[in-house]
Amino acid sequence: SYQFNVPPNAQILDFLIDTTTAWNSATSDTLSNGTSAAATTYVSSVDVKAAASRLRPTYSGAQLLAMSNVTTNTAVVVTVTPVGSATAGNTIVTMLYVQNVN
C-alpha cells in the first residue's frame, strides 16, 4: 500500500492508473483506492494484471459522493492485491483534485 493526502474540503475529480509493467501473479492483481489499506472508498477492482496501459476507473454513486467533498479523513491509500505471488509489476496512480472554497 502507498498513502498520500488530499487537502481537507477538496473535490477529487479522477484517478489516472498507469501500469508501466504488468503485474504477474498467478491469478489476479487488482488495485483499489480508499481511506485505508484495501478500502474501495474511491476506486475498486481495477485489473493491473493486464498489459501495461493507462486505465480510468468506472465509479459507483457512493464513490462519486465520497470524492465530491473530502472532509477530515484526507488519506488516500492505494493498494494492489495480488492473488498468488507477484514478482513483477509497477503502477503509477495520479490523483486529480480541486481545492473547494469553504
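So, here's what we can say about the structure.

1. What about unusual backbone geometry?
One non-glycine residue with positive phi stands out, namely Asn9, at about 70°. Structurally, Asn9 is set in the loop between strand 1 (2-5) and strand 2 (10-21). You can call Asn9 partly exposed: its relative accessible area is 24%.

2. A look at the sheet that holds strand 2
On the basis of which strands lie adjacent, the open sheet formed by three strands has the order 5-2-7 and antiparallel pairing. With one partner strand each, in any of the chains shown, strand 5 (53-55) and strand 7 (90-99) form the two edges of the open sheet. Each neighbouring strand pair of the sheet contributes to a mean axis angle of 20°, computed without reference to strand direction. Where strand 2 meets strand 5, three bridges bridge the pair, whose relative direction is antiparallel. The partner of Thr19 across the bridge, within strand 5, is Ser53.

3. Regarding a nonpolar patch on the surface
The grouping of Leu13, Leu96 and Val98 at the surface amounts to a nonpolar patch, some 210 Å² of accessible area in total. Within the secondary structure, Val98 is located in strand 7. For Val98, a relative accessible area of 33% translates into the label partly exposed.

4. Focus on the pairing of strand 3 (residues 28-34)
Burial of strand 3 is extensive: five of the seven residues sit out of reach of the surface. Pairing of strand 3 with strand 6 (residues 75-83), which is carried by seven bridges, proceeds in the antiparallel orientation. Note that in strand 6 the partner of Gly34 across the bridge is Val77. Pairing of strand 3 with strand 4 (residues 43-47) involves three bridges; the strand directions are antiparallel.

5. Some details on the nonpolar core
In terms of nonpolar packing, the biggest core is built from 19 residues, with Ile12, Phe15, Leu31, Tyr42, Val43, Val76 and Met95 touching the most fellow members. For this core, the secondary-structure elements that each account for two or more residues are strand 2, strand 4, strand 6 and strand 7. If you tally residues by element for this core, the top one is strand 2, at four residues. Every residue in contact with Leu31, bar those within four places of it in the chain, is listed here: Ile17, Val43, Ser44, Ser45, Val46, Val48, Val78, Thr79, Val80, Thr91 and Val93.

6. Thoughts on the packing of aromatic side chains
The tally for this structure, following the rule as stated, stands at two aromatic pairs. Here Tyr2 and Phe4 contribute two aromatic rings whose centre-to-centre distance is 6.1 Å and whose plane-to-plane angle is 40°, an arrangement assigned as tilted.

7. Describing the sheet that holds strand 4
Taken together, the four strands give an open sheet; going across it, the order is 1-6-3-4, and neighbouring strands pair in antiparallel fashion. Of all the strands in the sheet, just strand 1 and strand 4 have a single pairing partner and so form its edges. Within the sheet, the average angular offset between the axes of one strand and its neighbour, ignoring direction, is 20°.

Conventions we followed
- The numbering scheme is per chain: residues are counted from 1 as the chain's sequence reads.
- With the structure being a predicted model, the display of local features is reserved for residues of pLDDT at least 70 and the display and counting of side-chain atom pairs for 80 or more, all residues being used for whole-chain, interface and lining totals.
- The side-chain values count all of the structure's non-hydrogen atoms but skip hydrogen atoms and water molecules.
- Helix and strand labels come from DSSP, where a helix needs a run of H or I of at least four residues and a strand needs a run of E of at least two; each type is numbered from the N terminus.
- Per-residue accessibility, obtained with a 1.4 Å probe over protein chains only, is compared with the maximum for each type, and a residue is labelled buried under 20%, exposed over 50%, and partly exposed between these values.
- Paired strands, as defined in this entry, are two strands with at least two bridges between them according to DSSP.
- The angle between two axes is taken between their N-to-C directions and runs from 0 to 180 degrees, where each axis is a line fitted to C-alpha atoms and a helix contributes only its stretch in contact.
- A patch consists of residues exposed above 30% relative accessible area that lack any salt bridge, with like charges linked at up to 9 Å and nonpolar side chains (Val, Leu, Ile, Met, Phe, Trp, Tyr) linked at up to 5 Å.
- Residue burial considers only the protein chains on display, and all accessible areas are found by Shrake-Rupley using a 1.4 Å probe.
- When a carboxyl oxygen of Asp or Glu lies within 4 Å of a side-chain nitrogen of Lys or Arg, that pair is called a salt bridge.
- Residues belong to a common nonpolar core when they are buried Ala, Val, Leu, Ile, Met, Phe, Trp, Tyr or Cys residues joined through side-chain atoms within 4.5 Å.
- Only heavy atoms enter the contact rule, under which two residues are in contact if any of them lie within 4.5 Å.
- We call Phe, Tyr and Trp rings a pair once their centres come within 6.5 Å, taking the six-membered ring for Trp, and we label the pair stacked below 30 degrees between planes, edge-to-face above 60, and tilted otherwise.

What is shown is where atoms sit, not what they do.
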